Each structure stands twice: as structure tokens, then as C-alpha cells.
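Each chain is listed here by its residues.
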Amino acid sequence: MAAPVLHLLTGPTACGKTALALEWAERSGAEIICADSTTVYRGMDVGTAKPSAEERSRVPHHLLDVADVFQPFDVSAFAAMARDVVEDIHRRGKPVLVVGGSGFYLRSFHAPISDDVGISPALRAEVVELEKREGLAGLVREVKGLNPGGTGSLDLLNPRRVFNALLRCRASGLTLGELLTRFRSLPEPFPGWEKRFLLLRRPVEELRERAAARTEAMLAAGLIEEVKQLTEMGFECNPAAASAIGYRETLAFLKGGLPRSALAGEISRNTCRLIRKQLAWFRLHLPAHRTMDAGSPLPHSEWFQG
């Protein structure tokens, strides 16, 4: 019996994943799992370009609107939900199409994404206090002290990653190198499934133009009003949501830190920076995959072949 297949469609922001995913899913009878770190939140609709009600009526979508915007939600929680959803779709005899551009959310389908290091509330509070008192410099000093052999590929300019690295080293008593070795020994998710990746591509200049047009469309569709509503709901308590592109710039505008005339340009620039990061991630971390020009797609039967 042939192994069941996970079809994974990815590509940078603004490349046109949604429209092509709907097209393939309708022709194939597939159901879509959205692998995105922002569309999981209820109420974050306009600024995430979340599939519309009409699009969802055409094809069943999963893992949208699964978390309150004021509560943190991470890739580990997503991975646990995804396992149940994949099994349910497969049990009903439907093809599974995973769609998204969030690297770690995609990774949860083909590689381990978290280990079993438990972080106590007391330890987290200690590290939070250190960060408040000494900032990033204090976190970096502590991490270096716990890793005399070096910090490897850890981005020491990224406060969130340094914060998490320090937590895990302190909680486990292990160095980053030892934690990495242990992490790499974890089993692959969805054993027995064949994973077929398709990466959509567009010329960089075209992506920039689409990002700018997407920004203008979001603002016209009510992004500012959406952020006002989310603020009333307490989404600033959730840094992962409030710092998402489109939302952080709009928050800055609402608080007087950014003029309205500069809002669209700032969102577009940050979207283009995200696109560059996504392209780099795909080059480094995406498993063996097929590439397709989003502007001139292949016949549907060939999308996930070869």
C-alpha cells in the first residue's frame, strides 16, 4: 500500500499562494491546512490576508481562528492540532494540502520543532527580570557564560531568541550545542507519510509591487479599524500578535509614532524585508522540493510530481 501524502505548498508573502491553493484543492478534492503564525488568531483578518468566507466555502480550511488574540499561541500548540487535523482528513479519504509561508509552522510537518525542556514560572520570571534590568546585553552575557564553547548560530542581536536560549540552558543545565544534539535525535513528525513540497516563486520586483498593492488593499479594507478593535480586546498583551507586520506599524500610527502618510510605505518596506527572510529560509531549510512559477503555473497534475 502506498504511503499517504502530505502536499505542502509554500512561498513568500504576496506570491499568490491562496488563489493557487484553492484552485488545486478544488480540482483534487483536498482540504487545506493553513500553516501561518498569524491566521491562527481570531480577529486578525484584514492584516493577515486570511482566506475569506467565500474562499472557505469553496474548500474546507483548517487551523484558522483557533486562538484568542490576547493569548500566546506557539508552533508547539499548532503542531499538536495539526496532527489531529491531518488524521481526520486522511480518515475521511481526502487529500491534505498544507499552505503557508511561516517557516517554523511548515517545519512542524517534516522535522521536530520543540524539545521537552520544561520552563518553570519562577525561572521565566527570573529571566524576565534580568532583561528588564540589563536588557539584551545582560541576556547575552548570561548565555555566553553558560556556553564557554560558543553560542553557535544563535542570533545574539535577536532579543527573543537570546531570551529563549537562556531559558532552555538554565532549565536543562545543558549548553546550546548539547541541546541541539539532543533535539536532532528527536523523531520526525508524521512518520510513514510522504511529504511533497512545492515552492512558488515570482521575480523579486514583482513581489515588491504585489506587497505594495496588498498593503493598500488592506488599508482600504479596514486595517486601521481592525487594529483599534484588537487593541480593545487586549492583543498588545500578546507580543507575537501585536508585532506582526501590518499590526505593529498600525499600532505605531494609532499611538502617534508614525504619520498616516507614512503608514503604507512602512508596512510595505517591512513586508519586503520579511519576503527576503522567507526566501533565505526556503534556501536553507526547505527539504527537497519542486519549484513553480506562480505567474505561469504547471498543469495541476504535475504540481507535486518529481
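Just above sits the structure.
What counts, and where the lines are drawn
Residues numbered from 1 in each chain as written. Predicted model: local features only at pLDDT ≥ 70, side-chain atom pairs only at ≥ 80, totals over all residues. Heavy atoms only, no water. Phe/Tyr/Trp six-rings, centres within 6.5 Å; stacked < 30°, edge-to-face > 60°. Helix = DSSP H or I, 4+ residues; strand = E, 2+ residues; numbered from the N terminus. Buried < 20%, exposed > 50% of the residue type's maximum accessible area, 1.4 Å probe, protein only. Pairing = 2+ DSSP bridges.

Caption draft 1: Region of the structure containing the packing of aromatic side chains. Inspection of every chain in the model, using the stated rule, returns seven aromatic pairs. Their ring planes at 10° and their centres at 5.7 Å tell us that F109 and F190 sit as a pair that is stacked. Within this pair, whereas F109 is found in the loop between α4 (103–107) and α5 (121–146), its partner F190 is found in the loop between α7 (176–184) and β5 (194–201), the two being separated by 81 residues in sequence. The class for F109 is buried, based on a relative accessible area of 0%. Between F190 and W193, the aromatic rings sit 6.4 Å apart at their centres with planes inclined by 75°, giving edge-to-face as the arrangement. Taken individually, F190 and W193 each receive the classification buried, so the pair is uniform in this respect. Grouped by ring-pair contacts, the aromatic residues F78, Y105, F109, F190 and W193 constitute a single cluster.

Caption draft 2: Structural context of the pairing of strand β4 (residues 96–99). Side-chain alternation along β4 places V96 and V98 on one buried face and L97 and V99 on a second face that is also buried. Two strands pair when backbone bridges link them, and strand β1 (residues 5–10) and β4 are joined in this way by four bridges, in the parallel orientation. Bridge pairing in β4 places L6 opposite V96. Of the strand pairs in this sheet, strand β2 (residues 31–34) and β4 are connected by four bridges, and their pairing is parallel. Across the sheet, residue I33 finds its bridge partner in β4, namely V98.

Read these as spatial facts, not as claims about activity.
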